[in-house]
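# Remarks on the overall topology
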Amino acid sequence: MPLLSESVQDDLSLAHNRGKRIGILLLDPAPDAGRAPVLDRISPAVWANLEEVAVFGHGEARPKVTVLPAPAIEAPGALRKAAIRYFIDRGFDVITILRADGRYPPEFLANLYRPIVAGQADAVFGSPNANHGGPLNEIEKMMFGLALSNFHCGYRAYSLAALRSIQWERLSDGETFDLELVLKLRHRNFRIKELAIPGDCSSRTPFLHTLKQSIATVYRYRQTCRSVKRYPEFEEYFIHYPVKESKRSSHAYAESLVGTGNEVLDIGCGEGILAATLHRNGNRVTGADILPHAANESVLEQYFSVDLNDGIKPMVEALHGKTFDRVLLLDIVEHLVRPEPLLNQIKSVLKPDGRLILSVPNIANVTIRLSLLFGRFDYTERGILDKTHVRFFTRKTIRRMLRENGYEIVDERETVMPVELFFGLPAANPIMRFANEVLGVLTRLMPGLFGYQIMLVLKGGS
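Nothing here was measured: the structure is a model prediction, and the numbers come from that model.

## Examining the overall build of the chain
When helices and strands are tallied, the chain shows 18 helices and 15 strands. Principal axes of the C-alpha set define a box for the chain whose edges measure 85 × 50 × 40 Å. Taking all 462 residues of the chain together, the buried fraction comes to 52%. For the chain, the proportion of contacts with a sequence separation of at least 24, taken over those separated by at least 6, is 70%. Carbon together with sulfur atoms contributes 55% to the accessible area of the chain, which is approximately 20600 Å² in total. A gap of 5 Å separates the mean positions of the 56 positive and 53 negative side-chain charges of the chain.

## Brief notes about a nonpolar patch on the surface
A cluster of nonpolar side chains, namely Leu370, Leu373 and Phe374, defines an oily patch on the protein surface of about 380 Å² accessible area. Structurally, phenylalanine 374 can be placed in the loop between α14 (366-373) and α15 (395-404). Residue classification places phenylalanine 374 among the exposed residues on the basis of a relative accessible area of 66%.

## Side note on unusual backbone geometry
Negative phi values dominate among residues other than glycine, just as trans dominates among peptide bonds. Unusually for a residue other than glycine, arginine 18 sits at a positive phi of about 50°. Phi at lysine 64 takes a positive value of approximately 70°, unusual for a residue other than glycine. In this structure, lysine 64 sits in the loop between β3 (52-56) and β4 (65-68). The class of lysine 64 is partly exposed, set by a relative accessible area of 34%.

## So, the packing of helix α10 (residues 250-258) against helix α11 (residues 273-280)
Relative to each other, α10 and α11 sit at 35°, their axes nearing to 11 Å. Helix-helix and strand crossings are classified by hand; for α10 and α11 the assignment is right-handed. Contacts from His251, Ala254, Glu255 and Val258 of α10 reach α11 at Leu274, Thr277 and Leu278. Here the residues of the contact of α10 with α11 sort into 4 nonpolar, 2 polar and 1 charged.

## So, the pattern of salt bridges
What the rule picks out here adds up to 24 salt bridges. Salt-bridge contacts for glutamate 437 lead to arginine 248; the nearest nitrogen and oxygen are separated by 3.1 Å. Separated by 189 residues along the polypeptide, glutamate 437 in helix α17 (residues 430-445) and arginine 248 in the loop between α9 (207-225) and α10 bring together distant segments of the chain. The partner of arginine 399 in a salt bridge is glutamate 412, and the shortest N-O contact between them spans 2.9 Å. Here the residue arginine 399 occupies a position in helix α15, and glutamate 412 occupies one in strand β14 (residues 407-414), the gap between them amounting to 13 residues. Classification of arginine 399 as partly exposed rests on a relative accessible area of 23%. The network of salt bridges with shared partners includes Arg395, Arg399, Glu412 and Glu414.

## Description of the confidence of the model for the chain
Per-residue pLDDT for the chain has a mean of 88; in total, 91% of the residues score no lower than 70. Considering each helix and strand of the chain separately, the mean pLDDT is smallest for strand β1 (residues 3-4), with a value of 52, and largest for strand β12 (residues 324-330), with 97.

## Considerations on α9
With 19 residues, α9 should cover 27 Å at 1.5 Å per step; its first-to-last C-alpha distance of 27 Å lies within 8% of that length. Among the residues making up α9, those that are buried are Thr210, Leu211, Gln213, Ser214, Thr217, Val218, Tyr221, Gln223 and Thr224. Against the buried residues of α9 lie α6 (135-144), α8 (177-187) and α16 (419-423). Serine 227 lies just past α9 and shows a positive phi near 60°.

## Here we look at the environment of tyrosine 219
Here tyrosine 219 shows up in helix α9. Residue tyrosine 219 is classed as partly exposed on the basis of its relative accessible area, which comes to 46%. In sequence terms tyrosine 219 and methionine 143 are 76 residues apart; their C-alpha atoms lie 9.1 Å from each other.

## Quick word on the pairing of β12
Counting buried residues along β12, 7 of its 7 residues qualify, which places the element largely inside the surrounding structure. Pairing analysis gives 3 bridges linking strand β9 (residues 263-267) to β12, with the strands arranged parallel. Residue pairing across strands places aspartate 266 opposite leucine 328, the latter belonging to β12. Both β12 and strand β13 (residues 350-361) contribute to a ladder of 6 bridges, which runs parallel. The partner of leucine 329 across the bridge, within β13, is leucine 358. Traced from β12 through helix α13 (residues 340-346) to β13, the parallel crossover comes out right-handed.

## Some points on the packing of aromatic side chains
Within the structure shown, the criterion is met by 10 aromatic pairs. Note on phenylalanine 125 and tyrosine 158: the rings are 6.1 Å apart at their centroids and 75° apart in plane angle, and the pair reads as edge-to-face. Residue phenylalanine 125 is located in strand β6 (residues 123-128), and its partner tyrosine 158 is located in strand β7 (residues 156-159); the two are separated by 33 residues in the primary sequence. One exposure class covers both phenylalanine 125 and tyrosine 158, and it is buried.

Thresholds, definitions, all that
- Residues numbered from 1 in each chain as written.
- Predicted model: local features only at pLDDT ≥ 70, side-chain atom pairs only at ≥ 80, totals over all residues.
- Heavy atoms only, no water.
- Helix = DSSP H or I, 4+ residues; strand = E, 2+ residues; numbered from the N terminus.
- Buried < 20%, exposed > 50% of the residue type's maximum accessible area, 1.4 Å probe, protein only.
- Contact = heavy atoms within 4.5 Å.
- Areas by Shrake-Rupley, 256 points an atom, 1.4 Å probe, with all protein chains shown as cover.
- Lys, Arg positive; Asp, Glu negative; His and termini not counted.
- Charge placed at Lys NZ, Arg CZ, Asp CG, Glu CD.
- Patch = residues over 30% accessible without salt bridge, like charges linked within 9 Å, V, L, I, M, F, W, Y side chains within 5 Å.
- Salt bridge = Lys/Arg side-chain N within 4 Å of Asp/Glu carboxyl O.
- Axes fitted to C-alpha atoms, helices over the stretch in contact; angles between N-to-C directions.
- Left-handed = near helix turned anticlockwise from the far one by under 90°.
- Nonpolar A, V, L, I, M, F, W, Y, C, P; charged D, E, K, R; others polar.
- pLDDT = per-residue confidence, 0-100.
- Expected span 1.5 Å × (residues − 1).
- Pairing = 2+ DSSP bridges.
- Right-handed = clockwise from strand over helix to strand, strands pointing away.
- Phe/Tyr/Trp six-rings, centres within 6.5 Å; stacked < 30°, edge-to-face > 60°.

What follows is the structure, given as structure tokens:
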């Protein structure tokens, strides 16, 4: 990532706010007397173009400087969140971070905010020349996927329009706030630029402690994005039912069984992630779920917000006789107290040669049997013992329920355990591919023991 110019320019064209409202958070580790020299170093052109300096704590206000009560938690992240909230609530456009002890050279303020007011960046980070490279920086470049020269200098400017679009309130109150914010900006592909500055404003914490923080932050981000575990600072990236990418997963089987060029009804489509794949394959997909809207609603022919506990009768009426080649009911019936009405209503939207593709978790899976052996039956965020499940099925009981409701079983498959989700690794990882092959063999030999989900292709009958 190229650095911006190191030259200090205080001319009006560089400092001009271009109609943007610029605020400064003054971090105040120094006594009150230490503030004035730093503020006095701000050029007249910048003073004329910034609107307000906010400082939390004690002291006397001066022109354009507002002293605010300290937040309940006086920690780095808490202070930054309080400042972001203060300036967002007042309709500001840019926030910059400055320190009263002079470690962030105020002579560079115009250079720092200029790319944002000019529409060339969403965030600008100060990067001390003395801290380019080094083993920590090289490791962090690989972990964060960003070619920044420094991840720990807090001399930064942010577009508040960019911050408004990410859930910054969930970020940590402590030291990892800035690292987490970098990941959220990167996740949304916001433009991050660097400004070369003199001196040393990097972290004062020991190398190993800083590295540990970076590793833990990236780990929590990736685990949440992969929906392995829900960490609160990145919770919006957690998908309760992510698409499983291994070749013997329910989603891979569903994609194969749906085929191409079909009319598909995806009941329980969630945000429409699987529907997007089916749409790319040339299918016309109608979705239904309890959500008011689906995030990927653009790939759907129609979307219906329904409570599946009450069945889909209003949706059937709204379809005006439309029928489907394939109806998907993936991991839904275990959430319903009485799935029978839904199963019967689905028959009315199936074409004569149409197929219902249904999956349920296998409660007889080896992992559940071993847990019971040791006296454990613990509900989880997701999986066979998802805490929202109200019914449990074995191969025998799901077959019996479907036959009792007038369905003929055309095909049956058992999916493999999604070890890639457990370990938080991509399905394409060589180790995960090997594990998938081994589990595939075991599942074919002993489907009732190793099968993770029971997947059935059904023909509607009487």
